[in-house]
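Residues per chain, in single letters:
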Amino acid sequence: MRITRVETCGLRGATPEGGWSNELRPDDVVHTLVAVHTDDGVVGVGSAFTSEDLVRAAVDLLRPHLLGQDPVEVERIVETLHQSAFWMGRGGALTHATSAIDIALWDVAGQVLGQPVGRLLGGRHRERVRPYASVLMDEVGPMTENLTALVQEGFTAFKIGWWKFGRVDTALDERTVAAARAAVGDRLLAVDAGGSEAFFPGDLAWVKRTARMLADHDVAWFEEPLSPDDLEGFAELRSASPVPISGGEVLTRRQSFAPYLQRRAFDIVQPDTTKGGGLSESRRIGWQAQDLGIRLVPHGWNTGIGLAADLHLSSALVATDLVEHKTGSAYVDDLVREGWHLDAEGFLRIPTRPGLGVTLAADALQRYGTRPAFAQPAA
């Protein structure tokens, strides 16, 4: 079996807000699907948190290292892509695009070998995982209405983030967290400051004060409370914080994560599989974190394909018992044919079919895809 073609498909028309100061619009393309085709007709699909223009350009550069390769040799191929990108954008858009290619290759490998991807990644420690509903902060009324509705849907874990948190005053910060806690009751609640935002104003003094406030509201973790490049600040904060500290969503490849793990800068490390290098890299980061007593909870503000990849990752890592679920996004809810359904205890089942175990919904591709015929096997 050989790789014959690699194609891309951006998603537009229902792009959710990200909480950014330069806010996303519905037609902005920030999520791109990648399909890897083979001469046997098997097609694997991956997802990148990057614009289609960048992914397409990256695929054009990387294509010579893909065509004619045996797709089952996933990590050999992907490591070759990383090693070949050192002079053309290592760690940036090329790595984001490689993430989608990696996910698609694992999807192919699973289909060919008749196994779910999680088993190929090392085995299934669990058959289901708890998703946490990931929502943007807002004025108290709309935010609590949203959280209350999600409680009624069956979610048992939540994360609120971004908006004005850390950007106005401490009174607004605490009022927002207190309202969220009241809405979700004693269920898991995490808080995301969005420190990767452009010109995020939070400094170490603010973060330390805020961590104490969050502890008063029994917050499960404090996510990205500082600039993602502030290794020393994260290490100092983590040693003093009464709540667990998490981060890492904008880092790429295991080498970038290594200093943060070695300095014990995170209690919870959060690579994004659609940006950081794919399942191959997330798994390696998870192994290193586990050896150091650090949990991996994947960042997953992406698509139904990204969620499927994170579910398989959670099956293969013993301590990864949560996945992020971007609620209210058509790219998550509608993109796969089967949809996502919470069980009676608020868990998602990890797919058991070969590969990622999900199928793209043709009507969703028609509605949101830049290439509606994307990922169709050759006639």
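Treat the numbers as computed from the prediction; the structure is a model and nothing was measured.

**A few points about the pairing of strand β6 (residues 188-192)**
Now for step 1: Taking burial as the measure, the five residues of β6 include five buried ones, the bulk of the element.
Now for step 2: Neither face of β6 is exposed, since Leu 188, Ala 190 and Asp 192 on one face and Leu 189 and Val 191 on the opposite face are all buried.
Now for step 3: Where strand β5 (residues 157-161) meets β6, five bridges bridge the pair, whose relative direction is parallel. Pairing of Ala 157 across the sheet is with Leu 188, part of β6.
Now for step 4: Remark: the β5/helix α6 (residues 170-184)/β6 crossover connection has right-handed handedness.
Now for step 5: Bridge analysis of β6 against strand β7 (residues 222-223) gives two bridges, and the strand direction is parallel. By the bridge assignment for β7, Val 191 is matched with Phe 222.
Now for step 6: The parallel pair β6 and β7, bridged by helix α7 (residues 204-216), forms a crossover whose chirality is right-handed.

**A closer look at the sheet that holds strand β2 (residues 31-38)**
Now for step 1: With respect to topology, three strands assemble into an open sheet ordered β1-β2-β3, the strand pairing being antiparallel. Edge positions in the sheet fall to β1 (3-11) and β3 (43-48), since each has one partner strand and no second. Between one strand axis and the next, the sheet turns by 20° as a mean value, whatever way the strands run.
Now for step 2: Examined bridge by bridge, β1 and β2 share eight bridges and lie antiparallel to one another. Each bridged residue has a counterpart across the sheet, and for Leu 11 the counterpart in β2 is His 31.

**Let's talk about α7**
Residues spaced three or four apart along an α-helix point in a common direction, a consequence of the helix completing one turn every 3.6 residues.
Now for step 1: Helix length check: α7, at 13 residues, gives a terminal C-alpha distance of 19 Å against a target of 18 Å (1.5 Å per residue), a fit within 8%.
Now for step 2: Listed as buried for α7 are Trp 206, Val 207, Thr 210, Ala 211, Met 213 and Leu 214. Looking straight down α7, one finds its buried side chains confined to an arc of 165°; they lie on one side.
Now for step 3: Where the residues of α7 are buried, they touch α6, β6, β7 and α8 (231-240).
Now for step 4: With its phi angle positive at about 55°, Asp 218 sits one or two positions after the end of α7.

**Side note on unusual backbone geometry**
Now for step 1: The phi dihedral of Arg 253 is positive, around 65°, even though this residue is not glycine.
Now for step 2: For Arg 253, the position within the fold is in helix α9 (residues 253-262).
Now for step 3: For Arg 264, which is not glycine, the phi torsion reads 55° and is therefore positive.
Now for step 4: Residue position: Arg 264 is located in the loop between α9 and β9 (268-269).

**Some words on helix α3 (residues 93-113)**
Now for step 1: For α3, which comprises 21 residues, the first-to-last C-alpha distance of 30 Å matches the rise-based estimate of 30 Å (1.5 Å per residue) to within 8%.
Now for step 2: Most of α3 is tucked away: 17 of the 21 residues are buried.
Now for step 3: Looking one or two residues past α3, Gly 114 carries a phi angle of roughly 70°, positive in sign.

**Some points on a nonpolar patch on the surface**
Now for step 1: The grouping of Leu 61, Phe 86, Trp 87 and Met 88 at the surface amounts to a nonpolar patch, some 470 Å² of accessible area in total.
Now for step 2: The topology assignment puts Phe 86 in the loop between α2 (74-84) and α3.
Now for step 3: Phe 86 sits in the exposed class, given a relative accessible area of 58%.

**What to know about the side chain of Glu 249**
Now for step 1: Mapped onto the fold, Glu 249 is located in the loop between β8 (245-247) and α9.
Now for step 2: No salt bridge forms around the buried Glu 249; measuring N to O, its nearest opposite-charge neighbour Lys 275 is 4.9 Å away.
Now for step 3: Residues within four places of Glu 249 in sequence aside, it is in contact with Trp 162, Asp 192, Ser 196, Glu 223, Glu 224, Gln 270, Asp 272, Lys 275 and His 299.

**A word on the pairing of strand β4 (residues 128-136)**
Now for step 1: Sheet analysis places β4 next to strand β12 (residues 348-349), joined by two bridges and oriented antiparallel. Bridge assignment links Arg 128 to a residue of β12, and that residue is Arg 349.
Now for step 2: Two elements, β4 and strand β11 (residues 322-326), share five bridges in a ladder whose sense is parallel. Bridging across to β11, Ser 134 finds its partner in Lys 326.
Now for step 3: Note that β4 and β5 share four bridges and pair parallel. Note on β5: the bridge partner recorded for Ser 134 is Lys 159.

Calculation criteria
- Residues numbered from 1 in each chain as written.
- Predicted model: local features only at pLDDT ≥ 70, side-chain atom pairs only at ≥ 80, totals over all residues.
- Heavy atoms only, no water.
- Buried < 20%, exposed > 50% of the residue type's maximum accessible area, 1.4 Å probe, protein only.
- Helix = DSSP H or I, 4+ residues; strand = E, 2+ residues; numbered from the N terminus.
- Pairing = 2+ DSSP bridges.
- Right-handed = clockwise from strand over helix to strand, strands pointing away.
- Axes fitted to C-alpha atoms, helices over the stretch in contact; angles between N-to-C directions.
- Expected span 1.5 Å × (residues − 1).
- Arc of directions from axis to C-beta.
- Contact = heavy atoms within 4.5 Å.
- Patch = residues over 30% accessible without salt bridge, like charges linked within 9 Å, V, L, I, M, F, W, Y side chains within 5 Å.
- Areas by Shrake-Rupley, 256 points an atom, 1.4 Å probe, with all protein chains shown as cover.
- Salt bridge = Lys/Arg side-chain N within 4 Å of Asp/Glu carboxyl O.
- Lys, Arg positive; Asp, Glu negative; His and termini not counted.

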